[in-house]
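# Structural features, examined
Take a look at the letters that make up each chain.
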Amino acid sequence: MGKSYIKFAVPITVVVAALLVIFVISNNKPATGKEIVNENAKEIGIDLTGQPLFGHVDAPITIVEFGDFKCPPCKYWGETIYPKLVEDYISNGNVKFSYVNVLFHGRESLVGAIAAESVYQQSPDVYWSFHKALYDAQPKDEGQWITIDKLLQLAKEFSSIDQEQLKQDIEQEVTKDKVRIDGDLVTKHNITVTPTIIINDTIMVDPFDYEAIKEAIDQKLEDKINE
Ligand code: CA
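Because the structure is a prediction, the values reported are computed rather than measured. (Residues numbered from 1 in each chain as written. Predicted model: local features only at pLDDT ≥ 70, side-chain atom pairs only at ≥ 80, totals over all residues. Heavy atoms only, no water.)

### Describing the overall build of the chain
On a plain count of helices and strands, the chain comes out with 9 helices and 6 strands. Counting only residues that meet the buried cut, the chain has 42% of its 227 residues in that class. A fraction of 78% describes how many contacts in the chain between residues 6 or more apart in sequence connect residues 24 or more apart. On the chain, roughly 13000 Å² of surface is accessible, and the fraction owed to carbon and sulfur atoms is 56%. (Helix = DSSP H or I, 4+ residues; strand = E, 2+ residues; numbered from the N terminus. Buried < 20%, exposed > 50% of the residue type's maximum accessible area, 1.4 Å probe, protein only. Contact = heavy atoms within 4.5 Å. Areas by Shrake-Rupley, 256 points an atom, 1.4 Å probe, with all protein chains shown as cover.)

### Considerations on the coordination of the calcium ion
Taken together, Gln51 (OE1), Glu117 (OE), Asp182 (OD) and Asp182 (OD) make up the protein donors of the calcium ion, found 2.2 to 2.6 Å from the metal. Counting the intervening residues between successive donors of the calcium ion yields the motif Q-x65-E-x64-D. Linking Gln51 in the loop between strand E1 (35-37) and strand E2 (53-54) with Asp182 in helix H8 (residues 176-188), this pair joins segments that are 131 residues apart in sequence. The residues Gln51 and Asp182 share a single accessibility class, namely buried. (Donors = N, O, S within 2.8 Å, 3.2 Å for Na, K, Ca; no water.)

### Things to note about the pattern of salt bridges
Between side chains of opposite charge, a pair can form when the charged atoms approach closely. On inspection of all chains with the given rule, the structure shows 8 salt bridges. The residue Glu79 makes a salt bridge to Lys75 at a minimum N-O spacing of 3.4 Å. With Glu79 and Lys75 both in helix H2 (residues 72-80), this residue pair falls 4 residues apart, about one helical turn. With a relative accessible area of 16%, Lys75 lands in the buried category. In this structure, the salt-bridge partner of Lys176 is Glu173, at a minimum N-O distance of 3.2 Å. (Salt bridge = Lys/Arg side-chain N within 4 Å of Asp/Glu carboxyl O.)

### Considerations on the environment of Val86
Looking at where Val86 falls in the secondary structure, it is placed in helix H3 (residues 82-90). The class of Val86 is partly exposed, set by a relative accessible area of 23%. Between the alpha carbons of Val86 and Phe97 there is a distance of 9.0 Å; along the sequence they are 11 residues apart. In this view, Val86 contacts Phe54 and Ser91; residues no more than four positions away in its chain are not counted.

### Focus on the confidence of the model for the chain
Averaged over all residues, the pLDDT of the chain equals 87, while 81% of them reach at least 70. A low-confidence stretch, residues 1-6 (pLDDT under 50), is modelled with 0 contacts involving residues beyond four sequence positions or located in other chains. Per-residue pLDDT stays below 50 along residues 24-42; that stretch engages in 19 contacts with residues further than four places along the chain or on separate chains. (pLDDT = per-residue confidence, 0-100.)

### Here's the deal with helix H7 (residues 163-171)
Buried within H7 are the following residues: Leu166, Asp169 and Ile170. Taken down its axis, H7 places every buried residue within 95° of arc, on the same side. Capping the start of H7 is the job of one residue whose side-chain oxygen sits 3.2 Å from the backbone nitrogen of Glu164: Asp162. Note on H7: the residue one or two positions beyond its end, Glu173, has a positive phi of about 50°. (Arc of directions from axis to C-beta. Polar contact = N/O pair within 3.5 Å; in protein donor to acceptor, adjacent residues only side chain to side chain.)

### Some details on the packing of aromatic side chains
Under the counting rule described, the total for this entry stands at 13 aromatic pairs. Centre to centre, the rings of Tyr76 and Phe208 are 5.7 Å apart; their planes meet at 35°, and the pair counts as tilted. You can see Tyr76 sitting in helix H2 and its partner Phe208 sitting in the loop between strand E6 (202-204) and helix H9 (210-226), a full 132 residues away along the chain. Residue Phe208 is classed as partly exposed on the basis of its relative accessible area, which comes to 30%. Aromatic side chains Tyr127 and Trp128 sit 4.8 Å apart centroid to centroid with 80° between the ring planes, which places their arrangement in the edge-to-face category. When its relative accessible area of 3% is taken as the criterion, Tyr127 is described as buried. What makes Trp128 buried here is its relative accessible area of 15%. Among the aromatic side chains, those forming a connected cluster through ring pairs are Phe54, Trp77, Tyr82, Phe97, Tyr120, Tyr127 and Trp128. (Phe/Tyr/Trp six-rings, centres within 6.5 Å; stacked < 30°, edge-to-face > 60°.)

Take a look at the structure:
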């Protein structure tokens, strides 16, 4: 018995090792350059119809974040990189920003996304403030925190949000179709990590490398001028 187990164990180890090698190779990022160009994309290859936008509509560069309110690195990105983008590129009209919901953390991701989409539907003017309030409320530990009560408590800070309507919208999941549209984008564009940051048609390999982000934006702005 023991012998036949060992006989099996060796080939299985070899197979697992081979699979690991394949996995590592397929996930390996190019050694040179900091960007992966989505070859299927022309201009902004992502259909952002109906998505919230921050910045000037006519801004030549569009940055999309695929994020999840339950994701700690997304909170960190929003606190460290996003303010720099606002200061350097969004406020002067060079970049507009959009956000697509990713549901990598189960039920809470879904409820948070439904709440944010509901706020966007009824009070688009406060969407980004509510969005920030949600990330601000993310605790350091990874326990449960996105509950309907918590969402309504956060919404109370915004007088233009109809609280009763929002409660109904969340409970009845009325914006689930909007969240599904986001989910389709996640699938279509093969988003596997959050945050994923896409600058026009360029996926940033390291969304926390602000120098690389600047470089990508500046290059694209230069290309626009030379068009
Ligand atoms: Ca959306």
